[in-house]
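Residues per chain, in single letters:
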Amino acid sequence: MKDLIMPPRLPLKLLRFLIRRDFLEEIEGDMEEVFYDNLELYSERKAKWLYVREVLLLLLRSNLVRFPTFTDLLNTNIMVKHYLQLSLRQLGRNKADSFLNLFSLAVGIGICLVICQYVFFEMSHDRMHSEYERTYRVILDRFQDGTLQGPDLYMAHSLGVVAEEEVPDIAEHVTLYVPDEGAYVTNLEQNLPITVDGKEMLFASKRFLHVFDFPLKMGNKETAFDNMFNVVITEKVAAQLFGETDPIGKNLKIGGGASAGDYLVTGVLEDLPSNSHLQFDYLFPIENFFEYGWLGVVKREPHVPIFANYLVVHESASPQSVQQQLNRAVARYSREWNPYENMSEKVRLQPIADIHLKSETYTNADFVANKGNLQDVRSFIIIALFILCIAWVNYINLSTARSIYRAREVGIRKSIGAFRQQLIGQFLTESLVINLLGAFLGVGLAVLIIPGLNHIIGRDIGFQLFYLPMFWGCFVLAILFGAVLSGLYPAFIISAFKPVSVLKANFGGKQKGLTLRRGLIMFQFLASLCLMSGTYLVYKQITFMKSQELGMDIKKIVAIRGPKHIEVLDGGPQLTSYEGLQAFNQYSRKTFRTFREEVNRLPAISSMTGSWSIPGQAYGASVKDVRKWGAPESENRPGKMFSVGLDFMKTYGLELLAGKPFSQELSEESFVLLNEKALGTFGFTDPEGALQEKILVNDRPHTILGVVSNFHWKSLKEAHTPWLLRFVGGTPPYISIKLDAANAEESLARVKATYDALYPGNPFDYFFVDDQFDQQYHSDVQFGKLFLSFTLIAIFIACMGLFALVTFSASRRIKEIGVRKVLGASTGNLILLLSREYLWLLLGAIVLSIPAVVYWGRTWLDNYAFRTELGIDFLLVPGLVITLIAMLTVGRRTYFAAISNPVDSLRKE
């Protein structure tokens, strides 16, 4: 029996190819004799392994190895050329199948490339800086009685000073401040003011342009911040303010904001790349803010935790070591920053490359805009793999299904001496040709699609991935791997036909690979179901969040950005002393009262209020130390507090549970309203019992005037926050007006006239609050659009392959259909007969998809504090949609087959 066992084929072929001809027969005989001797002593598996090892050792050590001759190479080239000719001829002969394979592969590869570029863009954030691997953002974890109260981005400026002075492993240190307050900027030569949002301005240390490699188009980074009133702007702002004129040396007037004054333009930055977490248009020296920020408040209170810190560690140092050194420094100096004995702070370092995708939810809102989601990126990677696999599955299915048409070709080639491995080489060459053509078309398709993707996501993701040689190397390897993977099984199926069987006149073509084909069809259904379920859940969650009651009414409310500069007439208060500041504040309150009275007289205005924030904005002054009057420091709890003016509850429709709203007679800044969440957080049992109680906010007492119901100030991604609304009567950053939509334009025109009269020189800038609030869901809507687009493409590719398989199956059974029709079968029965196999496969895919989609759905919904239920519809709707699409795909072709004339199909009989 062991005589029938042959040595392994591959090493034997290698031996015959590389050993010199005059020694080959002797060596081959010796190796074969050793193999059979080992077979007597060991198992078949070990004997073959020993044979492989001996062949490799012989080739490595022997001087009998020959190099391929020109004749060998010529023969190989001739064979490859022959395979290519046959492959191209086969493509031209079966145009429909070739087009289907090429089109599905091109779409699959193209979309896969688009997703790869998107994923690369998301993961490339902040990697453009030369020292990004050694650059970290400092995060401060605060603990109360050993319990983590939450991470924070902001800390006192003192921490940066300590870091520079006491941690030698730090090579560079940069302190940043991103203001919440907007301002207006005026080109003094043209006297045209423009409104600037606070997020567009950045105060930074002098070494900022050395740590972050944002290239200067004009100016010198060494001298850009020599003066505290210098400013560096971006190309976009330079064109907006100065047009074609050289902006270097020109003056800008900053009104309002964190630090007003006249600034000198000393540099112009190239527009910042969209894959940078730092986005700004104006760059100021932070020394200016230290000295003049908030009219000198920052200088008087240097330990206010409002600064972000970035560090570059030395190449020889580890971030863990720097972190330990910083924590030792924090422990020594924290008493100066934090007076509470039960509070402690620890530093940790976050790599800047992780900020975009791996940031947490901080106690204070992150100043970084357009943060990504690592889970979304992983989802897109899975989609890309699904799409590519579906395209390759189409090729496998069509190749094995149509193998009957290649049977006689195989039989003839084998009968005239073709070896099976030659046939396998031919069919693999066909697969390689189709995959390479599909890859070429896919690259072109990706180049066309990416600009459309930029429009959807609102950012320019570029083509950076296409410029990397390593990417193209991996891409070619992936295509070669896919070509072999998708062509190997069909090649083995087709090349295994026996000449005697296939050349018989009655060869019916026993189909090979039927089990695999059914499994692959089920995989396509399964992938389509998973993608459709994900799409359904994303839109269900977005609809759920947008349809929930917010606890306030933001419809028909227009928010006007408050004045950044209040003109003081001659003889009025001057900001030259603390007393002058107090007098100016009184002047500001009086002016705003006049504005409110004038606006409230308008018939289309139902109410008006001022506030230091509006719904949907991240801003809200986080207060970490809030407790009941008389409670020990250990009961301090964090919360959020922002200032509001008169009629705030009326304008936004907040529900008052107990107490009364703010009135003009109240002493400003000493009364607060709490929401229900704050009531429980700070130790109060019921709304009525909390009234007139005092609460300490950073050791400053405030009287609880009322309690309102919980409201969603931000999106429903976040849980309810303990809010404290503080009454302030001054001129606010935002003025909210509830108006009659029927007369909106006329009313706004009259409001503008009043605004311009009382606040001359300030731009009248307004927006609708509900639109601003919905912007919070922009990333979710964007994710949903991309998910839906890629899902439809995946289903489309799967349907193309399914339609081709049904067409082939119907053509193979055309005579059976004719006989059944003659015997009285109805059209419905025939459609069911032809569709039954696919329906069973679809049912199996639906059952298999349930665990996967339920697990993914629950994991994805964990990102939302308020979330929809999965429900039975989450399983039924995607299944019904895929079933409908499959039935339309299958039913159309089976219907035409079922209604065909039986005379035509039986004529040859």
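Rules used in this analysis
- Residues numbered from 1 in each chain as written.
- Predicted model: local features only at pLDDT ≥ 70, side-chain atom pairs only at ≥ 80, totals over all residues.
- Heavy atoms only, no water.
- Helix = DSSP H or I, 4+ residues; strand = E, 2+ residues; numbered from the N terminus.
- Contact = heavy atoms within 4.5 Å.
- Areas by Shrake-Rupley, 256 points an atom, 1.4 Å probe, with all protein chains shown as cover.
- Core = buried A, V, L, I, M, F, W, Y, C linked by side-chain atoms within 4.5 Å.
- Buried < 20%, exposed > 50% of the residue type's maximum accessible area, 1.4 Å probe, protein only.
- Salt bridge = Lys/Arg side-chain N within 4 Å of Asp/Glu carboxyl O.
- Patch = residues over 30% accessible without salt bridge, like charges linked within 9 Å, V, L, I, M, F, W, Y side chains within 5 Å.
- Phe/Tyr/Trp six-rings, centres within 6.5 Å; stacked < 30°, edge-to-face > 60°.
- Lys, Arg positive; Asp, Glu negative; His and termini not counted.
- Charge placed at Lys NZ, Arg CZ, Asp CG, Glu CD.
- Pairing = 2+ DSSP bridges.
- Arc of directions from axis to C-beta.

Considering the overall build of the protein
Right, on to step 1. If you tally the helices and strands in the protein, you get 28 helices and 24 strands.
Right, on to step 2. Counting contacts in the protein only where the partners sit at least 6 residues apart, residues at least 24 apart contribute 79% of the total.
Right, on to step 3. Carbon and sulfur atoms form 58% of the exposed surface of the protein, whose accessible area is close to 43,400 Å².

Here's the deal with the nonpolar core
Right, on to step 1. Judged by nonpolar contacts, the single largest core of 89 residues is most densely connected at I115 and F380.
Right, on to step 2. In this view, F380 contacts I115, Y118, V119, F783, L786, F787 and F790; residues no more than four positions away in its chain are not counted.
Right, on to step 3. The next biggest cluster of nonpolar side chains, apart from the first, holds 31 residues, and it includes V178, V232, Y310 and Y362.

Looking at the pattern of salt bridges
Right, on to step 1. Under the defined criterion, the tally for this structure stands at 14 salt bridges.
Right, on to step 2. The salt bridge partner of R601 is E598, with a shortest N-O separation of 2.8 Å.
Right, on to step 3. For R601, a relative accessible area of 57% translates into the label exposed.
Right, on to step 4. Using a relative accessible area of 35% as the deciding quantity, one classes E598 as partly exposed.
Right, on to step 5. Salt bridges sharing partners connect three or more residues here, namely D197, R561 and D765.

A closer look at a nonpolar patch on the surface
Right, on to step 1. A contiguous nonpolar patch, built from L436, V476, L477 and L480 and spanning about 350 Å² of accessible area, is present on the exposed surface.
Right, on to step 2. In terms of residue count, the dominant contributor to the nonpolar patch is helix α15 (residues 469–495) (three residues).
Right, on to step 3. Counting through the fold element by element, L436 comes out in helix α14 (residues 420–457).
Right, on to step 4. By relative accessible area, L436 is classed as partly exposed at 43%.

Focus on unusual backbone geometry
Right, on to step 1. The residue K556 is not glycine, and still its phi comes out positive at about 60 degrees.
Right, on to step 2. Within the secondary structure, K556 sits in the loop between α17 (514–547) and β14 (557–561).
Right, on to step 3. The phi dihedral of Q692 is positive, around 65 degrees, even though this residue is not glycine.
Right, on to step 4. Inspection of the secondary structure puts Q692 in the loop between α21 (687–690) and β20 (694–697).

Concerning the packing of aromatic side chains
Right, on to step 1. Scanning all chains against the criterion turns up 53 aromatic pairs.
Right, on to step 2. Ring centres 5.8 Å apart and planes at 25 degrees place the aromatic pair F466 and F471 in the stacked group.
Right, on to step 3. Accessibility expressed as a relative area gives 12% for F466, which makes it buried.
Right, on to step 4. For F471, a relative accessible area of 13% corresponds to the buried category.
Right, on to step 5. A ring pair is formed by F471 and F475, whose centres lie 5.9 Å apart and whose planes are at 25 degrees; its orientation type is stacked.

Some points on a negative patch on the surface
Right, on to step 1. Judged by side-chain charge, E25, E26, D30, E33, D37 and E40 come together as a negatively charged surface patch.
Right, on to step 2. Assignment of secondary structure puts D37 in helix α2 (residues 21–41).

Overview of the pairing of strand β11 (residues 282–285)
Right, on to step 1. On β11, burial covers both faces: Y282 and F284 on one face and L283 and P285 on the other are all buried.
Right, on to step 2. Here strand β6 (residues 201–204) runs beside β11; their pairing, made up of four bridges, is parallel. Opposite A204, over in β11, you have P285 as the bridge partner.

A look at helix α8 (residues 235–242)
Right, on to step 1. Those residues of α8 that fall on the buried side of the exposure criterion are V237, A238, L241 and F242. In an axial view of α8, the angular spread of the buried residues amounts to 105 degrees, which keeps them on one side of the axis.
Right, on to step 2. Contact partners of the buried residues in α8: β4 (183–187), β5 (192–196), β8 (230–234), β9 (251–256), β10 (261–269) and β11.
Right, on to step 3. Phi for G243, located one or two positions after α8, is positive at around 65 degrees.

Let's talk about the environment of A384
Right, on to step 1. By the secondary structure assignment, A384 is in helix α12 (residues 374–401).
Right, on to step 2. A384 gets classed as buried once you look at its relative accessible area, which sits at 5%.
Right, on to step 3. Residues contacting A384, with those up to four places away along its chain left out, are C112 and I115.

Thoughts on the environment of T195
Right, on to step 1. Tracing the sequence through the fold places T195 in strand β5.
Right, on to step 2. Overall, the relative accessible area of 28% leaves T195 in the partly exposed class.
Right, on to step 3. Distance from T195 to P763, taken between C-alpha atoms, is 6.5 Å for residues 568 residues apart in sequence.
Right, on to step 4. Setting aside its immediate chain neighbours within four residues, T195 contacts A183, Y184, R561, K564, P763 and D765.

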